[in-house]
Amino acid sequence: MRNVAAVVGDQVAAFELGIVCQVFGLDRSDDGLPVHDFAVCAPRPGPIPTTSGFPVQVEHGLERVAEADLVAVPAWPPLDAPAPEPLLAALREAAGRGARVLTICTGAFLAAAAGLLDGRRATTHWQFAGLLARRHPRVRVDPGILYVEDGPVLSSAGAAAGIDACLHLVRLEHGAATANALARRLVVPAHRSGGQAQYVEAPMPPPRTPYELAELLDWMQQHLDRPLTVETLAARAAMSPRTFARRFKALTGTTPHRWLLERRLQLAEELLEGTELSVEAVAVRAGFGGADGLRHHFAARRGVAPAAYRRAFRRHPP
């Protein structure tokens, strides 16, 4: 993997392109790191506008793709514009001769349009995973992971996950020591635990009726550390458990159990980020009873352990 080409269209996302340039386009041979023959190319070379308001000068056309061992596709704006057929053909040819294709964020849409992801597992930013699945039903979209390699394509999630994917490629080609050294230069973790779920904003739907159950929801929020059962909540709402469960779902869009679980996870996140409480104490304060319960639900819903989440998102040093 010595020859790397990044492809852009009529517009490019500057940060995602910058990730590829940082990893593969800089000469760090003084630090003993590998050097790549790197270029940015486009169907129509020249000044290409970025989503950040400034242009980049692209000197190479698609003939540069034919030489590459790795073809990188940064985020692909706009998603509604059809991809140029010559570019899709260049991607298919590259994969067909054994080159790798790396997509960052919505770059997966271009690989999918080229047919490279048919029948394969892929990911993209969690905000666009549903759209990718609808447009390309033959793609096995996994919105919960940071990156995945299936066949010739390595797809990654939102922008920063592109760094994870690039370091994965460096690790495969040059070994863990080289990837770790490059990660230190970039001041990023050499490997991040978990998946996208720990970054997804997941606020619960507000009540559809301004007043019904609003007081109870506030009370539930203030007593998350208690063992709140449907029977207990129904009694406070002066309803039978069956009626309460039906009305709760109609007004909030979810079940009492799921509502409580998400609120408890959000409280646990806040405590892990902003306090020095032990994981056991966080679990009790958030209503999980103990650390084992918190770890189970945190791993299932956020894709990462509570301790790893704290290391990644702590707002204050220990």
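Higher on the page you've got the structure.
Trainee: Which residues make up the overall build of the protein chain, and what are the values?
Mentor: Secondary structure summary: the protein chain contains 13 helices and 10 strands in total. Structurally, the protein chain occupies a C-alpha span of about 70 × 45 × 35 Å along its principal axes. Considering the protein chain as a whole, with its 318 residues, one finds that 46% of them fall into the buried category. When contacts within the protein chain are restricted to residue pairs at least 6 apart in sequence, long-range pairs at least 24 apart make up 63% of them. Total accessible area on the protein chain stands at roughly 15100 Å², and carbon and sulfur atoms take up 53% of it. Positive and negative charge centroids in the protein chain, built from 35 and 32 side chains respectively, lie 8 Å apart.

Trainee: Lay out the packing of aromatic side chains in plain terms, naming residues and giving numbers.
Mentor: A complete count under the given rule lists three aromatic pairs for this structure. Centre to centre, the rings of phenylalanine 244 and phenylalanine 248 are 5.6 Å apart; their planes meet at 50 degrees, and the pair counts as tilted. One end of the pair, phenylalanine 244, and the other, phenylalanine 248, are both in helix H9 (residues 241-252), four residues apart, so they sit about a helical turn from each other. The class for phenylalanine 244 is buried, based on a relative accessible area of 0%. Overall, the relative accessible area of 0% leaves phenylalanine 248 in the buried class. Ring centres 6.3 Å apart and planes at 90 degrees place the aromatic pair phenylalanine 248 and tryptophan 259 in the edge-to-face group. Remark: tryptophan 259 occurs in helix H10 (residues 256-274) and phenylalanine 248 occurs in helix H9; sequence separation between them is 11 residues.

Trainee: If you had to explain the environment of threonine 51 to someone new, which residues and values would you point to?
Mentor: Its location among the elements puts threonine 51 in the loop between strand E3 (46-49) and strand E4 (55-58). Residue threonine 51 is classed as partly exposed on the basis of its relative accessible area of 45%. On a C-alpha basis, the gap between threonine 51 and alanine 14 in space is 6.6 Å, while along the polypeptide they are 37 residues apart. Apart from the residues lying within four places of it in its own chain, the contact partners of threonine 51 are Gln11, Val12, Ala13, Ala14 and Pro77.

Procedures and definitions
Residues numbered from 1 in each chain as written. Predicted model: local features only at pLDDT ≥ 70, side-chain atom pairs only at ≥ 80, totals over all residues. Heavy atoms only, no water. Helix = DSSP H or I, 4+ residues; strand = E, 2+ residues; numbered from the N terminus. Buried < 20%, exposed > 50% of the residue type's maximum accessible area, 1.4 Å probe, protein only. Contact = heavy atoms within 4.5 Å. Areas by Shrake-Rupley, 256 points an atom, 1.4 Å probe, with all protein chains shown as cover. Lys, Arg positive; Asp, Glu negative; His and termini not counted. Charge placed at Lys NZ, Arg CZ, Asp CG, Glu CD. Phe/Tyr/Trp six-rings, centres within 6.5 Å; stacked < 30°, edge-to-face > 60°.

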